[in-house]
Amino acid sequence: MNKPEQNLNIKMQKETQVAYKPLLKSIGSFFVSPGDGTRLVPGLVDNLSTKRYMFLVVLALLPIALAAVYFYGWRIVAMILVSYFFGGMTEILFAVFRKKRFQADGLLVTCLIFPLILPPTLPLWIVAIGSVFAVFFGKEVFGGTGRNIFNPAVVGRVFITVSFPSYMTSVWQHPMPGGFGGFFNYGADLITSATPLISYRAGEIITYTYYDLIFGLAPGSMGETFRIGIILSGLFLIVTGVSNWRVPLAYLGSVVLFSSIGHYYFPNQVALPMFQLLTGGLLFGAFFMATDPITSPFTGPGKWVFGLLLGMLTVLFRSFSGSVEGVVFSILLMNAFTPLIDTIVLKIRFRPLGREGLSHNVP
């Protein structure tokens, strides 16, 4: 190959690289946060777009939803479709009423998380009511996605828990492990069983091992039992920059701390730390609901405080209240304190120094 041909090949290779560079850069920035923000003001608070955030959260939830189908049958898909239909109709009606463009970004996440925190036996009409309530009172009354104070899925779950307590406390279905599980069944056989948390509060002997709790072999809400999948999906969101690691770490660490202290003084009321971590919706709430960037603090210290208080409240609710779960109530309560936490952190970090009025920025 002579020199002109070599130069021509080099030129063609460079042109090819230039042509594919935007595509490769787009793919890279979609899955991994580009990190081209700034730590100094003025600057962007976060460089994560809403569409990318919603897409990656839904992507992380898919294995958990698939595991729910395996454990409880295709009725889970029916519950998810009902949630999307009625939640979507509520959001469309608000968009028409406000004469604004319908945005499905937030709806995709809310209407998928909401059924995953419900019992697999819940009637579909209750799922529909809860989905409408979640979108209506959890998001749209505040102005839509990005303006809501509370996590909409948590609002819907709390509403159903208060309005239909018999369905939320007594009818828990045992999963279908082994073979193809529920892949060839619409619903699991109606073999009901108390959740490990309910059995503990009732003083019954816990027959489930930690292996059962990790791999989804104990009854519970349909998206909270496959805990190994929840952990891996949660780590995926942290690695891709979608979730901030401070909140789940502070939340789970706080549960370990306060349950250790509580079990020492009240062994009959407060369960051991490992049991706390592997039961109920704690892991799902820590990785998928407490990390909601809209309803959780945006300041770093605020995230630590937020997670710390979440863990303390969860242990208190689980051990001494009438509710055996406590995760959704804790998140809902702390959502209300999010603006106050950020305000206090900002006042401390940017307090004036001396008469010059300079801001003191604590790293």
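What you are looking at is a predicted structure, and each value in this text was computed from that prediction instead of being measured.

Caption draft 1: Quick peek at the environment of T110. Inspection of the secondary structure puts T110 in helix 4 (residues 105–116). Spatially, the C-alpha atoms of T110 and V154 are 9.2 Å apart, while their sequence positions differ by 44 residues.

Caption draft 2: Structural detail: the packing of helix 4 against helix 6 (residues 152–163). Contact geometry for helix 4 and helix 6: axes closest at 8 Å, N-to-C directions at 35°. In the packing of helix 4 onto helix 6, the handedness of the crossing is right-handed. Residues T110, I113 and F114 of helix 4 lie in contact with helix 6, whose contacting residues are P152, A153, G156, R157 and I160. Classifying every residue of the contact of helix 4 with helix 6 by side-chain character gives five nonpolar, two polar and one charged.

Caption draft 3: Just helix 14 (residues 300–320), in detail. Here helix 14 spans 31 Å end to end across 21 residues, near enough to the 30 Å set by a 1.5 Å rise per residue. Within the sequence span of helix 14, burial applies to G300, G302, K303, F306, G307, L310, G311, L313, T314, V315, R318 and S319. Those residues of helix 14 hidden inside the fold are in contact with helix 8 (196–201), helix 11 (246–265), helix 12 (273–277), helix 13 (282–289) and helix 15 (327–349).

Caption draft 4: Expanded view of the side chain of D292. Take D292: it is sitting in the loop between helix 13 and helix 14. Buried and without a salt bridge, D292 has K303 as its closest oppositely charged side chain, separated by 9.5 Å. In terms of polar contacts, D292 uses its side chain to reach the side chain of T295, at 3.1 Å. In contact with D292, not counting residues within four places along its chain, are Y53 and N151.

Caption draft 5: Representation of the side chain of Q276 in the model. You can see Q276 is positioned in helix 12. Overall, the relative accessible area of 2% leaves Q276 in the buried class. Residues contacting Q276, with those up to four places away along its chain left out, are V255, S259, V270, A271, L282, R318 and S319.

Caption draft 6: Representation of the nonpolar core within the structure. Grouped together as the largest cluster of nonpolar side chains are 67 residues, with contacts concentrated most on L61, F284 and F288. With 14 residues, the top contributor of residues to this core is helix 2 (residues 50–72). When near neighbours in sequence (up to four residues on either side) are disregarded, F284 contacts L61, I64, I113, L116, I117, G223, I230 and M289.

Caption draft 7: Structural detail: a nonpolar patch on the surface. A cluster of nonpolar residues, L257, I261, Y264, Y265, F266, L316 and F320, forms a patch on the protein surface that exposes about 780 Å² of accessible area. It is helix 11 that provides the largest number of residues to the nonpolar patch, a total of four residues. Along the chain, the position of F266 falls in the loop between helix 11 and helix 12.

Cut-offs applied
Residues numbered from 1 in each chain as written. Predicted model: local features only at pLDDT ≥ 70, side-chain atom pairs only at ≥ 80, totals over all residues. Heavy atoms only, no water. Helix = DSSP H or I, 4+ residues; strand = E, 2+ residues; numbered from the N terminus. Axes fitted to C-alpha atoms, helices over the stretch in contact; angles between N-to-C directions. Left-handed = near helix turned anticlockwise from the far one by under 90°. Contact = heavy atoms within 4.5 Å. Nonpolar A, V, L, I, M, F, W, Y, C, P; charged D, E, K, R; others polar. Expected span 1.5 Å × (residues − 1). Buried < 20%, exposed > 50% of the residue type's maximum accessible area, 1.4 Å probe, protein only. Lys, Arg positive; Asp, Glu negative; His and termini not counted. Salt bridge = Lys/Arg side-chain N within 4 Å of Asp/Glu carboxyl O. Polar contact = N/O pair within 3.5 Å; in protein donor to acceptor, adjacent residues only side chain to side chain. Core = buried A, V, L, I, M, F, W, Y, C linked by side-chain atoms within 4.5 Å. Patch = residues over 30% accessible without salt bridge, like charges linked within 9 Å, V, L, I, M, F, W, Y side chains within 5 Å. Areas by Shrake-Rupley, 256 points an atom, 1.4 Å probe, with all protein chains shown as cover.

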